[in-house]
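Below, each chain spelled out in residue letters.
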Amino acid sequence: MAFDLTDKQKEVLAAEGHLLVQGGPGSGKTTVSILKAGKIVKKGLKTGQRVLFLSFARATVSRVLEAIDDEEEITPDVKRHIEVDTYHAFFWRLIKTHGYLLGLPRRIDILTPPKEAVALSAIRNEYKSDDKLSQQVRQEKKQREYAERQRLAAEEGLVCFDLFAEMAGELLHRSNKIRRLISNAYPVIILDEFQDTAPDQWRVIQALGRDSQLLALA
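Described in the following lines is the structure provided in the data block. What you see is a predicted model; the values in this text were computed from it and never measured. Residue positions are given per chain, counted from 1 along the sequence in the order it is written. Restriction of local features to residues with pLDDT of at least 70 applies here, the model being predicted, together with a cutoff of 80 or more for giving and counting side-chain atom pairs; totals for whole chains, interfaces and linings are based on all residues. To obtain the side-chain values, all non-hydrogen atoms of the structure were included, while hydrogens and water were left out.

Another aspect to go through is the environment of Leu35. Relative to the helices and strands, Leu35 is located in helix α2 (residues 29-43). Leu35 sits in the buried class, given a relative accessible area of 9%. Taking the C-alpha atoms as reference, Leu35 lies 7.5 Å from Leu13; in sequence the two are 22 residues apart. Each helix is a run of DSSP H or I of at least 4 residues and each strand a run of E of at least 2, with the numbering of both proceeding from the N terminus. Think of it in three bands: residues with accessible area under 20% of the maximum for their type are buried, residues over 50% are exposed, and the middle band is partly exposed, with areas taken using a 1.4 Å probe on protein chains only.

Right, let's talk about the pattern of salt bridges for a bit. For salt bridges, the criterion is a side-chain nitrogen of Lys or Arg within 4 Å of an Asp or Glu carboxyl oxygen. On inspection of all chains with the given rule, the structure shows 19 salt bridges. Across the pair Asp162 and Arg149 runs a salt bridge whose closest N-O atoms are separated by 3.9 Å. Here the residue Asp162 occupies a position in the loop between β5 (158-160) and α8 (164-174), and Arg149 occupies one in helix α7 (residues 135-156), the gap between them amounting to 13 residues. Taking the relative accessible area as the measure of exposure, Arg149 reaches 11% and is therefore buried. Note that Glu170 is salt-bridged to Arg203, the shortest N-O span being 3.3 Å. Note that Glu170 is positioned in helix α8 and Arg203 in helix α10 (residues 199-208), a separation of 33 residues in sequence. Using a relative accessible area of 27% as the deciding quantity, one classes Glu170 as partly exposed. Classification of Arg203 by relative accessible area gives partly exposed; the value is 31%.

Another point: the packing of aromatic side chains. Aromatic rings from Phe, Tyr and Trp, taking only the six-membered ring of Trp, are treated as a pair when their centres fall within 6.5 Å; an angle between ring planes under 30 degrees marks them as stacked, one over 60 as edge-to-face, and anything in between as tilted. Counted by the stated rule, this structure contains seven aromatic pairs. Relative to Tyr87, the ring of Phe56 has its centre 4.3 Å away and its plane inclined at 20°; by these criteria the two rings are stacked. Taken as a pair, Phe56 in the loop between β2 (51-55) and α3 (58-70) and Tyr87 in helix α5 (residues 87-98) lie far apart in primary sequence, 31 residues in all. Using a relative accessible area of 22% as the deciding quantity, one classes Phe56 as partly exposed. Assessed through its relative accessible area of 2%, Tyr87 is described here as buried. Taking the centre distance of 6.1 Å and the plane angle of 70° together, the rings of Phe194 and Trp202 count as edge-to-face.

To continue, consider the nonpolar core. Nonpolar side chains in soluble globular proteins tend to be buried together. For the purposes of this section, nonpolar cores are sets of buried Ala, Val, Leu, Ile, Met, Phe, Trp, Tyr and Cys residues that join through side-chain atoms within 4.5 Å. By size, the foremost hydrophobic cluster in this structure holds 34 residues, and its most contacted members are Phe90, Phe91, Val159, Leu172, Ile182, Ile189 and Leu191. Setting aside its immediate chain neighbours within four residues, Leu191 contacts Leu54, Tyr87, Ile205, Leu214, Leu215, Ala216 and Leu217. Listed in part, the 23 residues of the second largest apolar core include Val64, Val188, Leu215 and Leu217. Contacts are residue-level and defined by heavy atoms, with any inter-residue pair within 4.5 Å sufficient.

Should DSSP find at least two bridges between two strands, the strands are regarded as paired. In spatial order, the strands read β1-β7-β6-β2-β3; together these five strands make up an open sheet with parallel pairing. Strands at the two margins of the open sheet, each flanked by one partner only, are β1 (19-21) and β3 (82-86). Each strand of the sheet is rotated relative to its neighbour by a mean of 15°, with strand direction disregarded. Sheet analysis places strand β6 (residues 188-191) next to strand β7 (residues 213-217), joined by four bridges and oriented parallel. Geometry is summarised by axes, namely lines fitted to C-alpha atoms with helices restricted to the contacting stretch, and by angles between N-to-C directions that run from 0 to 180 degrees.

Turning our attention to the side chain of Ser55. Looking at the secondary structure, you find Ser55 in strand β2. Under the relative-accessibility criterion, Ser55 is labelled buried at 0%. Residues adjacent in sequence count toward polar contacts only when both atoms are side-chain atoms; beyond that, a polar contact is any pair of N or O atoms within 3.5 Å, and within protein one must be able to donate a hydrogen and the other to accept it. Among the polar contacts made by the side chain of Ser55, one reaches the side chain of Glu193 at a distance of 3.4 Å. Ignoring anything within four residues of it in the chain, the contact list for Ser55 reads Thr60, Val61, Asp85, Thr86, Tyr87, Asp192 and Glu193.

Right under this line is the structure:
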């Protein structure tokens, strides 16, 4: 797909180090990031290394994969060195492999939202709806739910989505070895929808940025 680059987009392609690329919908952020990923791959990666593109939603991942397929400069050989996934899937791989370092059982599984709702129902049934609770009582309820999520993970090996980023961040900050393994596999990481990054997710990104080059799209 032919794409005429603006001067600003050319600057992004030429820039080195961490980058924050800002632009509205349709401004070409994704396309430029794909072209930059291709340029990095062509410049040379070590054996087994890839450029990692992370987004929040599966739908966005599908659009990025389609954009990669449509871009003429991204040959099949280059494409093999670009990995596109969601933040949650990336975090889960970390937890699945190294979660025992956090005290999780060796065998763990995802606690899906419907099953999480069932698991927390006993606590939630003790309270009125949130809009009828005082701030202090809402905080108490929130803390009890958090404690139960932690217990389910530690004792039953059932990890809910809300704990993914927190646990991944803990792993990366606790273990230099794990962090360097990830950064060696992904020396460049592209972060889509960066403006939606939550504090726990930001903690993961801070750790990754110590050894990997980050390209944030916002």
